[in-house]
Amino acid sequence: MFTAHNINSQAAVLVDSRTGQVLTAKNAEQRLPIASTSKLLTIYLVELAIKNGDISANQKVKIDQATATLSNTALLASVPVKVGEILTVRELEEQALVASSNAAAYQLAVVVAGSHSRFVDMMNAQLSKWGIKNAGFSTSSGLMNSDLAAAANPKAASSAENSLSARELALVAKKTITAFPKLLEITKQARIVTPSKNGNVTVKNTNMLLTNGRGYQFEGLKTGSSPTNGETLVGLTTLAGRRVITVVIGNSLSTDGIFDDTITMLNEAKSKVQVATLAAGTRVRSTVVKYAPQTTKYPLVTKGAATLFVQKSGATHLTVATKRQFKLVAPLKQGHLVATESVRVAGNQKLSDSIDQATMPKVKLVTKHAIAEVALPVRWYRNVMEWISAHL
């Protein structure tokens, strides 16, 4: 992990979307208001409800009064709707993700949980399952609680705002796109045509990097804007052929600042890291095998390959993390499974950091050759010599 330089946002992080490997970061553990990027978790829970059969993507939803009011509130609305209007769950998801509709997020919360406050409880419970404790979310949209007016969450302070660290927000994004990759078909759209009280309207995506990625191809994910903390962006693009998640939180310089910081962070990482592979059949350890013909150590090799980012300069390479001593006894077949071990970056321990250690690659260690067993008299002789060595 490298420190992100020349980043004006308060916090930032860049991670591999598959492994969670942290490539670069700035102040990535401080919790800050994340505004509308909260909707990623809202949509995760909506998709989970669809997967579980509780609701369906094509289910028709009648807009309620609270949603209609919010959708027509100045500075808080992007797609105005009216009471009684019918939209599908999928249309509401598109409005929430592409147009960043706070009203759509609110209505989806009610559809899934029956009430907004119960849905927020679900959000906090899901965060806790992911290891993000005591987050204290108060709204499904990321608005300040008081912005919901009569629909405000009674369990939270009026000034409450959803807050996460850059690492935690990256984890939410990782969990969401891993579980529901088809959501990218929504988040990568530069614009949508969606129902409103004025008929179908065309709404642009709030993520400007979708149309001008400055050398990168973005597939989303979500912007956010907080009156107390400035602009926030969660992005998804590729670096060295691998999908990476970008997070910048709290840029108050300009509306373009989050896009500038995202590109700066990617370019800096591009200059410092490259993808390396620990190939199948690589010798990574050797071990003594009891009753083997030789008393020297026998090689263990990897079965299967693993890939991570490593530092471009310096002697960094991939290895396994184990220092365990294995107790093996001959005879053993070629390819005998000895252990499954985590892969790490040797030479730069910080590049072995991950927001989700469970998804860091592992490889199986196996014997490189078949190892025969010595004759019985030799076994007896070695046992005697071991006893003598231990007792004298």
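So, a few notes on the structure that sits alongside this text. (Residues numbered from 1 in each chain as written. Predicted model: local features only at pLDDT ≥ 70, side-chain atom pairs only at ≥ 80, totals over all residues. Heavy atoms only, no water.)

### Things to note about the overall build of the chain
Next up, step 1: Each helix and strand counted, the chain has nine helices and 21 strands in total.
Next up, step 2: C-alpha atoms of the chain, sized along the principal axes, occupy 90 × 45 × 35 Å.
Next up, step 3: For the chain, the residues scored as buried account for 55% of the 392 residues in total.
Next up, step 4: Within the chain, contacts between residues at least 6 apart in sequence are counted, and of these 67% link residues at least 24 apart. (Helix = DSSP H or I, 4+ residues; strand = E, 2+ residues; numbered from the N terminus. Buried < 20%, exposed > 50% of the residue type's maximum accessible area, 1.4 Å probe, protein only. Contact = heavy atoms within 4.5 Å.)

### Describing the pattern of salt bridges
Next up, step 1: Enumeration according to the criterion identifies 13 salt bridges in this entry.
Next up, step 2: For R90, the salt bridge identified is with E93, shortest N-O distance 2.1 Å. Taken together, the positions of R90 and E93, both in helix α3 (residues 89–97) and three residues apart, correspond to about one turn of that helix.
Next up, step 3: Given a relative accessible area of 0%, E93 falls into the buried group.
Next up, step 4: Three or more residues are tied together by salt bridges with common partners; here these are E47, R90 and E93. (Salt bridge = Lys/Arg side-chain N within 4 Å of Asp/Glu carboxyl O.)

### What about helix α4 (residues 102–113)?
Next up, step 1: The end-to-end C-alpha distance of α4 is 17 Å, a good match for the 16 Å that twelve residues give at a rise of 1.5 Å each.
Next up, step 2: Most of α4 is tucked away, with eleven of its twelve residues classed as buried.
Next up, step 3: Those residues of α4 that fall on the buried side of the exposure criterion are N102, A103, A104, A105, Y106, Q107, L108, A109, V110, V112 and A113.
Next up, step 4: The inward-facing, buried residues of α4 abut α1 (39–51), β5 (60–62), α2 (65–71), α3 and α5 (116–129).
Next up, step 5: In this structure S101 caps α4, since a side-chain oxygen of it lies 3.5 Å from the backbone nitrogen of A103.
Next up, step 6: At the C-terminal side of α4, G114 shows a positive phi close to 90°. (Expected span 1.5 Å × (residues − 1). Polar contact = N/O pair within 3.5 Å; in protein donor to acceptor, adjacent residues only side chain to side chain.)

### Re the layout of surface pockets
Next up, step 1: The volume enclosed by the largest pocket comes to roughly 530 Å³.
Next up, step 2: What lines the largest pocket is a set of 27 residues, among which S36, S100, G224, S225 and E231 lie closest to the centre.
Next up, step 3: Among the elements that line the lining of the largest pocket, the one with the most residues is strand β10 (residues 221–226), at four residues.
Next up, step 4: By volume, the second largest pocket is sized at about 170 Å³.
Next up, step 5: Lining the second largest pocket, in full, are E47, R90, E94, F180, P181, K182, L183, E185 and I186.
Next up, step 6: Broken down by secondary-structure element, the contributors of at least two residues to the lining of the second largest pocket are α3 and α7 (184–187).
Next up, step 7: Residue composition of the lining of the second largest pocket, grouped by class: four nonpolar, no polar and five charged. (1 Å grid on protein atoms, 1.4 Å probe; cavity = no way out; pocket = protein on both sides within 12 Å on 5 of 7 lines; lining within 4 Å. Points joined across faces, edges and corners; volume = space filled by probe spheres on them. Nonpolar A, V, L, I, M, F, W, Y, C, P; charged D, E, K, R; others polar.)

### A closer look at a nonpolar patch on the surface
Next up, step 1: On the surface, a nonpolar cluster with roughly 680 Å² of combined accessible area is contributed by Y381, V384, M385, W387, I388 and L392.
Next up, step 2: Tracing the chain through its elements places Y381 in helix α9 (residues 376–391).
Next up, step 3: On the basis of relative accessible area, Y381 is assigned to the exposed category, the value being 54%. (Patch = residues over 30% accessible without salt bridge, like charges linked within 9 Å, V, L, I, M, F, W, Y side chains within 5 Å. Areas by Shrake-Rupley, 256 points an atom, 1.4 Å probe, with all protein chains shown as cover.)

### Here's the deal with the side chain of S115
Next up, step 1: Looking at the element boundaries, S115 is found in the loop between α4 and α5.
Next up, step 2: Classification of S115 by relative accessible area gives buried; the value is 17%.
Next up, step 3: One polar contact links S115 to S117, side chain to side chain, over a distance of 3.5 Å.
Next up, step 4: Of note is the side chain of S115, whose polar atom sits 3.2 Å from the backbone nitrogen of R118.
Next up, step 5: Residue contacts for S115: discarding those within four places in its chain leaves A109 and V110.

### Here's the deal with the nonpolar core
Next up, step 1: V13, L41, F137, I245 and V247 are the most contacted members of the largest nonpolar core, which totals 62 residues.
Next up, step 2: Judged by nonpolar contacts, the second largest core, of 49 residues, contains V244, M265, F309 and M360. (Core = buried A, V, L, I, M, F, W, Y, C linked by side-chain atoms within 4.5 Å.)

### Focus: the environment of T223
Next up, step 1: Among the secondary structure elements, T223 is positioned in strand β10.
Next up, step 2: Exposure remark for T223: the relative accessible area of 8% places this residue in the buried category.
Next up, step 3: Along the chain, T223 and N207 lie 16 residues apart, while their C-alpha atoms are 6.1 Å from each other.
Next up, step 4: Setting aside residues no more than four positions away along its own chain, T223 makes contact with S36, T37, S100, T206, N207, T232, L233 and F259.
Next up, step 5: Of the polar contacts made by the side chain of T223, one reaches the side chain of T206; its length is 2.6 Å.

### Focus: the sheet that holds strand β20 (residues 337–346)
Next up, step 1: Judged by pairing direction, the sheet is antiparallel, and its five strands sit side by side in the order β14-β16-β21-β20-β18 without closing on themselves. Both edges of this open sheet fall to β14 (283–287) and β18 (317–320), since each of them pairs with a single strand only. Each adjacent strand pair in this sheet contributes to an overall mean axis angle of 40°, direction not counted.
Next up, step 2: Sheet topology places β18 next to β20; four bridges connect them, and they run antiparallel. Bridging across to β20, L318 finds its partner in V345. (Pairing = 2+ DSSP bridges. Axes fitted to C-alpha atoms, helices over the stretch in contact; angles between N-to-C directions.)

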